[in-house]
Each structure stands twice: as structure tokens, then as C-alpha cells.
2 protein chains.
Amino acid sequence: MSSYYKEHEKFYVAVDIIIFGFDGERLNLLLIKRNFPPSKGKWSLMGGFLKNYESLDQAAERVLYTLTGLNNVFLEQLQAYGNIYRDPGERVISIAYYALIKIDDYDENLLEKHNAHWYPITDFPSLIFDHNNMVKRAIARLRRKAKTQPIGFEMLPAKITIPQLQKLYEAIYLKKFDKRNFRKKILSYNVLEKLDEKEKETSKKGAYYYYFNERKYSQLLENGYSFNVNI
Amino acid sequence: MSSYYKEHEKFYVAVDIIIFGFDGERLNLLLIKRNFPPSKGKWSLMGGFLKNYESLDQAAERVLYTLTGLNNVFLEQLQAYGNIYRDPGERVISIAYYALIKIDDYDENLLEKHNAHWYPITDFPSLIFDHNNMVKRAIARLRRKAKTQPIGFEMLPAKITIPQLQKLYEAIYLKKFDKRNFRKKILSYNVLEKLDEKEKETSKKGAYYYYFNERKYSQLLENGYSFNVNI
DNA sequence: CCAAAAGTGTTCAGCTTACACCCATGA
DNA sequence: TCATGGGTGTAAGCTGAACACTTTTGG
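Quick look at the structure, then. Keep in mind that this is a model prediction, so the values were computed, not measured.

## Some thoughts on a positive patch on the surface
Residue and element names in this part refer to chain A.
Next up, step 1: On the surface, Lys179, Arg183, Lys194 and Lys205 cluster together into a positively charged patch.
Next up, step 2: Within the secondary structure, Arg183 sits in helix 5 (residues 179-188).
Next up, step 3: Since its relative accessible area comes to 35%, Arg183 is described here as partly exposed.

Structure (C-alpha cells):
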């Protein structure tokens, strides 16, 4: 059985990960200043080669874990990149993934070890190979996805306030929304539950905390309703 | 430079193509009854191995051309599939593509040679490996995409009638639409131009032909308007 | 007491949806 | 003449978008 494919060529396969994090103000990318060849000294996405004992998804999880120390985060495949000379050194097929992480959860030491830095999506250094394209596409995907699925919550702590959530959406779409309309829309899905507690860091009056009720969201989907933030 | 990656493993990389065609009534898939190993005698998508002189997109074009004799058709990457045992024979990373073709354009002889057959998306044989998943995902992508981009036209001849177009959308979404609303919506984009000619095969009265004006569509997009068929 | 952020309703326009009848013509 | 599919308009309901003032409280 294992002889059918002998005549065909084999290729290096890698995964590259676009890591998004929200710092309360801006949407950020986690980028690597490479202290290893090739393209040493230049900026790139975090990546790694596929190993024969892991699936693509597992490779992406491993690479993300290596850099951040995080497991069980939102991680989704973007697409494969396979131009012949995309990596000028040698031919590599790269599968791009994007991840949404809570920006305060990661392991600082690991970031330092890998020479990783956060940059806002509006202003980050030019990246090697086709990584700029990957980022562009990942942002487009995130924007599309955030309209129909509550993935924003992946980048926020369990307890959030409505103004925080609005700031996240504004950071994703790079525009301002009307706070009355935003609150109305978000609350209309009945997936947020108001707590009796207030966040008092950012204002004197304080904003009520809510938490995202995953169970209610599942029910919403099962009943054929769809989450649809029209932005 | 080419020594950096020596320590890493290499993999077979293939492309598999979900080919859609519309026969005037139903949306169909072009499937292969394999007369070659592995899984000889079973049904699968058309696929082929990546060669070192071509990009992924080029590999997909080549494979599609091999089967249909068609060039310059709508062809877009879906995503990569890389589970370890997805191909029980040997490990292969497969990049799935989907294509939209005009069902009457292909080369019949080639189809016969490859043992290829059209099956409606509502009723087709079970496929090998993870090909059923690929098809499922391709249909979902097509449905999403058809809402915001006029890709339906890729499966129709240059001259179409409104009832034909409606049947295509009904075949994609597997539901009926109101013909008054459909016509109103489609014509409101002003990308269809009415001809003085009628299609008289399917009705005695005859339906006016229209043609899709690509130039007008480009202008529509440039002006910030968006094609959005609300289905 | 005041600055700063949180919270709250209403109106208008545009879009989606539902719905029924006449038209043209080949057989 | 009649069966078949093509073609047409309007009204109601819903959703998105625009818009300004009051509340709370720490400093």
C-alpha cells in the first residue's frame, strides 16, 4: 500500500500563526524578531515545521504553545500558501493559522526567549516572505467572522463590561460605533448576563460586569437563530 | 541557505478539487470512480500530487485541466487537510480547492477516460478519506460566497434569463424564492443588461436574455457598493 | 462641584417579505 | 383554447442608523 506514492515528490510543510490580542485599546499582533536564520534580524510570524507524528492542527497548537505557553485557545486554519519561491531559501508549503488570545494570559518569559513583541494591526513592521499577506487575510477573516460569531470574547476575560466589548469591536473594525445602538444590539441576543459587580478602574461611575453565557449561546444556535452583529 | 531545514521531515502534498456544475435544475458535483489504487473502485474527488515546479494554485489548475480540459475557470482554495491517517496508505497533506464550471463546456472524452460522473449535491455516493468533509465545507463556502459575490455566473453561459438564475440560486440554497422579489433584487444592482432576444426552449412565452456586465460590476465595487443577494 | 465615563429611547429611512393576477404563445 | 412559464406592484413589518441628555462618583 505504501508504495503507490513513491514516484511523487515530498515537501517541507510548516505552520505560521497570526496571533491576535486585545490590550483594551487596540488589536495587536504578536510578531517575532528572528534571532535565527534564515532572514535573521527580520520580523516574521511565529512558525514551525510539521512533524510526522502530528496533524496540522496539532502542529499549530504546539507552535502556539511554544511561544505563549497557552493551550485551549481559539485557533483556526486560514489557508495554505504554496508559491514556489515564497521562502527564498528552500521550498516550503506553509499552512497559516490565526489565534485569538487573552493578552494577559501568556508567559512573558517565553515571549522574551523568542524575541516576540506585540504590535498594533495599524502599525507593525514589514514581515518576511508572504507573511504580510497572511496577516492581511487573517484580519479580513477576523472581521468577517466577528460579525456572525461571538469570537470577540476569545480575546477578553470572562467578566467584561459593555464599553470594553465595544472598544474591542472598534479595534477590530477600526471605526467608532454608537454606544446606544451597540448596547442594544449586543444585549438583544440574551447571551450576556449582568452581574451585580462593577468595573471601577476606567470610570468613577463604574460599568457593570457581564459574563458571556456559553450555554445560552449554544441554545441560540440550536434554535436556528444566528448571532449577527451588524457592524 | 538550503541547509537550514535539513533536520525537518518532508511530506507528500496533494490537491483535491470539488467541482461544481449546474445543469439547469440541480447543483452537481463531478466525482471519480477510481479505476486505480489506492481505494480502487471507490468514489473520490479528483486529485493529484503537487510537483516541485508548480505552486499549489497551479497544481489545482493542472488537475482540473486534466479532468475537464478547462482553463481559466473559477478556482479557489478551500483549506488544507492534514490529519495523520486521513489517507490510510501513507501520510499526505491535501489542499482542497473548489471550482465552478459551465457544465456543458467540459471535454466528455476526458470525463470518460477518468471515469468521472456528475452527481447532485443532494444525493451522491460516499467518498473516500476525508473527501465527504471537503464537499460539505465547499458547499458551505459556496453558499456564503454566493451571497456577496456574483459567482453564480461562473456556472452559467454568458447569456442567461432571470428564471435560470433563480433556479441556480434555488439549487445552491435548496429552497424556493419568490420570483418577484428575486428579480427585483438582482436587477437592482444594474449589472445585468437586457437583450432583445428571448430564450424559448423552456416556455412558450419565452424569457428575455440578459448578460452579466463585468465592467458595471467592477464599477459597483469600486464605488464602495457591495453586491449582496439576501437569501 | 466638576470632569469623565456609563447608561438610556425614539424617530426615520430603507430593506425584506408576503402576496395574486395578467401576458404570450405553442401545441 | 388552454396549459405553461414569464412578467409585474404594493403594503406591512423589521432592522439599522442617527441623534442628546441624565446619572454617578472620585478627586
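## Things to note about the protein's contact with DNA strand D
Next up, step 1: Near DNA strand D you find 21 residues, and of these A:Lys185, B:Lys179, B:Arg183, B:Lys184 and B:Lys205 are the closest.
Next up, step 2: In the interface set of DNA strand D, defined as its atoms within 4 Å of the protein, sugar plus phosphate atoms amount to 36%.
Next up, step 3: Between a base nitrogen of DNA strand D and a side-chain N or O atom of A:Asn181, the distance comes to 2.9 Å.
Next up, step 4: Its residues assigned to classes, the surface near DNA strand D comprises three nonpolar, five polar and 13 charged.

## Points about the sheet that holds strand 9 (residues 192-199) of chain A
Residue and element names in this part refer to chain A.
Next up, step 1: If you trace the three strands from one edge of the open sheet to the other, you get 8-10-9, paired in antiparallel fashion. Where the open sheet ends on each side, the last strands, each with one partner, are strand 8 (159-161) and strand 9. Recorded for the sheet is a direction-independent mean angle of 45° between the axes of neighbouring strands.
Next up, step 2: Pairing of strand 8 with strand 10 (residues 207-212) involves three bridges; the strand directions are antiparallel. Residue Lys159 lies in a different strand from strand 10, and its bridge partner there is Tyr211.

## Side note on the interface of chain A and chain B
Next up, step 1: Taken together, the 38 residues of chain A in the interface contact 38 residues of chain B.
Next up, step 2: Between chain A and chain B lies a buried interface of about 3,700 Å² when both sides are counted; carbon and sulfur atoms form 62% of it.
Next up, step 3: Contact with chain B buries surface across chain A, with A:Tyr5, A:Lys10 and A:Tyr12 losing the most and accounting together for 20% of the total.
Next up, step 4: Here chain A is connected to chain B by zero salt bridges.
Next up, step 5: Seen at the junction of chain A and chain B, the total is 17 residue pairs in polar contact (both at pLDDT 80 or more).
Next up, step 6: Those elements that place two or more of their residues in the side of chain A that touches chain B are strand 1 (10-22), helix 1 (56-68), strand 5 (74-81) and strand 6 (92-101) of chain A.
Next up, step 7: Taken together, the residues that form the side of chain A that touches chain B break down as 18 nonpolar, 11 polar and nine charged.

## Regarding the protein's contact with DNA strand C
Next up, step 1: Inspection of the region around DNA strand C gives 22 residues, with A:Lys179, A:Arg183, A:Lys184, B:Lys185 and B:Lys204 positioned closest.
Next up, step 2: When atoms of DNA strand C within 4 Å of the protein are sorted by moiety, sugar and phosphate together comprise 41%.
Next up, step 3: Side-chain polar atom of B:Arg180 to a base nitrogen of DNA strand C: 3.1 Å apart, as the coordinates give it.
Next up, step 4: Looking at the surface near DNA strand C residue by residue, the class counts come to three nonpolar, six polar and 13 charged.

## Overview of the pattern of salt bridges
All names here are of chain B.
Next up, step 1: In total, this model carries 20 salt bridges over all chains according to the counting rule given.
Next up, step 2: Between Arg62 and Glu54 there is a salt bridge whose closest N-O contact spans 2.6 Å.
Next up, step 3: What makes Arg62 partly exposed here is its relative accessible area of 24%.
Next up, step 4: A relative accessible area of 4% places Glu54 in the buried class.

Definitions and limits used
Residues numbered from 1 in each chain as written. Chains lettered and ligands numbered in written order. Predicted model: local features only at pLDDT ≥ 70, side-chain atom pairs only at ≥ 80, totals over all residues. Heavy atoms only, no water. Patch = residues over 30% accessible without salt bridge, like charges linked within 9 Å, V, L, I, M, F, W, Y side chains within 5 Å. Areas by Shrake-Rupley, 256 points an atom, 1.4 Å probe, with all protein chains shown as cover. Salt bridge = Lys/Arg side-chain N within 4 Å of Asp/Glu carboxyl O. Lys, Arg positive; Asp, Glu negative; His and termini not counted. Charge placed at Lys NZ, Arg CZ, Asp CG, Glu CD. Helix = DSSP H or I, 4+ residues; strand = E, 2+ residues; numbered from the N terminus. Buried < 20%, exposed > 50% of the residue type's maximum accessible area, 1.4 Å probe, protein only. Near = heavy atom within 4 Å. Polar contact = N/O pair within 3.5 Å; in protein donor to acceptor, adjacent residues only side chain to side chain. Nonpolar A, V, L, I, M, F, W, Y, C, P; charged D, E, K, R; others polar. Pairing = 2+ DSSP bridges. Axes fitted to C-alpha atoms, helices over the stretch in contact; angles between N-to-C directions. Contact = heavy atoms within 4.5 Å. Buried area = accessible area lost by both parts, 1.4 Å probe.

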